[in-house]
Amino acid sequence: MLSILTITPKFYDSTYLMALWGLFFLLKLLTLNRSNGILGHLFTLGVIYVFICLIYKLLGISSASMGYCILAPFFYFVPVFALMIIDRCENEQQIRFLFHFLALAVAFNIADDIWLSYEYGIDNLVFQNLGGKLEEEGLTELNFGGSQFVNMSVFYACMMFMAFLKSNNRNEKYLFLVYWGIGAYFIVFCSLKASAVILLLLSLALMYISYKTKGKNGKMLTLTAIVGALFFVFRDSIINFLIDIIASDRITVRLMSLTTEGDVEDSSLMGRSNLWLVSIQSWLSSLISFFFGIGSHNWKDFMTTAESGVGNHSDWLDVLAKYGIIGALILYSSLKEYYEYLNNKYGNSFKYEILSFFLLILIMGLTKKIVNAQPAIMIFILFPLTLKYCSYKVS
C-alpha cells in the first residue's frame, strides 16, 4: 500500500522547476480576464510571492536549494486554480461528489499511514532509522507522511468534525465521524507530535463553540471564555491524561515541555521559541533586512538553522527573516484576501466556522511550517468544498 495523496514533490533539477514556473505564469496570463475579484488578487499575490523567492535565489541572496526556496510556496499557491473552479461550480451533485471524493481520498491516505506506522514501527518511519528492515523487504523508501502530512491531518480532522456537526443526514454524520476518527487516531497515536495533538483539541473546541453559538457574538465570547478558563485551570490534568493514553516517550517529553522548561537545542517548546526568536532577530538586525530580509537558507538540525539566521519553524515569522516586510506583507495579504473571499461568500451561515478555521491557520503558521502543498490542499480546496457542501445542508 502506498499513500496516494502524500504530495512531496522531488524536482531536484532546476530545469523542471523553471518549466513549472513558466507554466504557472502562462496560466496566470490565460486566466487574467476570467479570474477577476478577490480570487484574482489572491492568485496575483501568489505569483508575486513565488517570483520574489525565485529572484532571491537567482541573485544568490538565498543559499538554500531551488527546490527548498521555490517548491514549497509554489505548490502552496497552485491549489488556488482548483479554488477558482470550485467557485464557479453551482451544481450541488458535482460539489457533493468532489467533497466526498477528496474526503475519502484523504481518509484512505491517512489510514494507509496508520497501517505503515504499525507495520514498520512509528519511530522507524518518523526518524528514518529503518535498521535494514525495509531494505531486506525490498522497500527502500516508503511514502510515509512527515510534518506537512501531520499538519494536513489536523486541518482534515477539523473539517470533518465541522461536517459532522452541520450535516442533517444520519448516515453521513456517521461517515464524517469515522473520517474524523481516522484523522484523530493518526494525530494522537502515529504522528509523535505533541503540538498536533494540542491543535486537534483546539480545533474541536473552536468548531464546537462555533456550532453552538449559531452566529451570536455574545454567546461566542462567553463560551470561548469558559472553555479557555477551564483549559487553563485543568491544563496539568489534561496534559497528564494525554500522556497516559498516548504512552509515547517522545510525546511525553514534548507535552511536559509545555509546562516545564526545556532545552533550547531540542524540539521542545523552549527549543522552538528560541528559533522563532532567531527569525525575529534576523529581521530586525538592520534596515535592509527589515525591508528585504536575509534570504532562505538550508538547515539540518536546530543548531544549524539557528546559525543560518532563519528559524525555519514558523512560516509567519520566517517570512520576515527571509524576505523582510515586503515578502511578509504579500504572504499576509494573501491570507487576508482569502478570508474576505470566504467571509463574503459563506459568512452569513458560517461566520464563526470560518473565523475558527483561520485562527487554526494562524496558530499553526506561527508554530509550524504550513506554506506547502499538503496543507494548501486542505486550506484552498477541501475547506471551501466543506463550506459549500454544508451550505446545501443548512439551506
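For clarity, every value in this text was computed on a predicted model and none was experimentally measured.

Trainee: How would you explain the overall build of the protein chain if you had to name every residue and give the values?
Mentor: The number of helices and strands found in the protein chain is 18 helices and zero strands. In the protein chain, which comprises 395 residues, the proportion classed as buried is 50%. Within the protein chain, residue pairs in contact and separated by at least 24 positions form 76% of the contacts whose partners lie at least 6 positions apart. A total accessible area of about 18,300 Å² is found for the protein chain, and carbon and sulfur atoms account for 64% of it.

Trainee: Outline the pattern of salt bridges, listing residues and values.
Mentor: Going through the model one piece at a time under the given rule, you end up with six salt bridges. When the shortest N-O distance is used, the salt bridge between R96 and E172 registers 3.1 Å. One end of the pair, R96, is in helix α5 (residues 92-120); the other, E172, is in helix α9 (residues 170-190), with 76 residues separating them in the sequence. Residue R96 is classed as partly exposed on the basis of its relative accessible area of 26%. The partner of D315 in a salt bridge is K369, with the nearest N and O atoms 3.5 Å apart. A residue pair is termed long-range when its members are at least 10 positions apart, and D315 in helix α17 (residues 315-367) and K369 in the loop between α17 and α18 (373-394) qualify at 54 residues.

Trainee: Can you lay out the nonpolar core for me, pointing to particular residues and giving the numbers?
Mentor: In terms of nonpolar packing, the biggest core is built from 98 residues, with Y156 and Y338 touching the most fellow members. Per element, the largest residue contribution to this core is 20 residues, and it comes from α17. Setting aside chain neighbours within four positions, we find Y156 in contact with A103, V106, A107, I110, Y179, M378 and L382.

Trainee: Please give an account of the confidence of the model for the protein chain that cites residues and values.
Mentor: Summing up the model confidence of the protein chain, the mean pLDDT is 78 and the portion of residues at 70 or higher is 68%. Taking the mean pLDDT of every element in the protein chain, the minimum, 50, falls on helix α7 (residues 133-136) and the maximum, 93, on helix α15 (residues 287-292). Under a pLDDT of 50 for its full length, residues 1-17 has, in the predicted model, 40 contacts with residues more than four places off or in other chains. Low confidence marks residues 127-132, where pLDDT is under 50. Its contacts with residues over four positions away, or in another chain, come to six contacts.

Conventions we followed
Residues numbered from 1 in each chain as written. Predicted model: local features only at pLDDT ≥ 70, side-chain atom pairs only at ≥ 80, totals over all residues. Heavy atoms only, no water. Helix = DSSP H or I, 4+ residues; strand = E, 2+ residues; numbered from the N terminus. Buried < 20%, exposed > 50% of the residue type's maximum accessible area, 1.4 Å probe, protein only. Contact = heavy atoms within 4.5 Å. Areas by Shrake-Rupley, 256 points an atom, 1.4 Å probe, with all protein chains shown as cover. Salt bridge = Lys/Arg side-chain N within 4 Å of Asp/Glu carboxyl O. Core = buried A, V, L, I, M, F, W, Y, C linked by side-chain atoms within 4.5 Å. pLDDT = per-residue confidence, 0-100.

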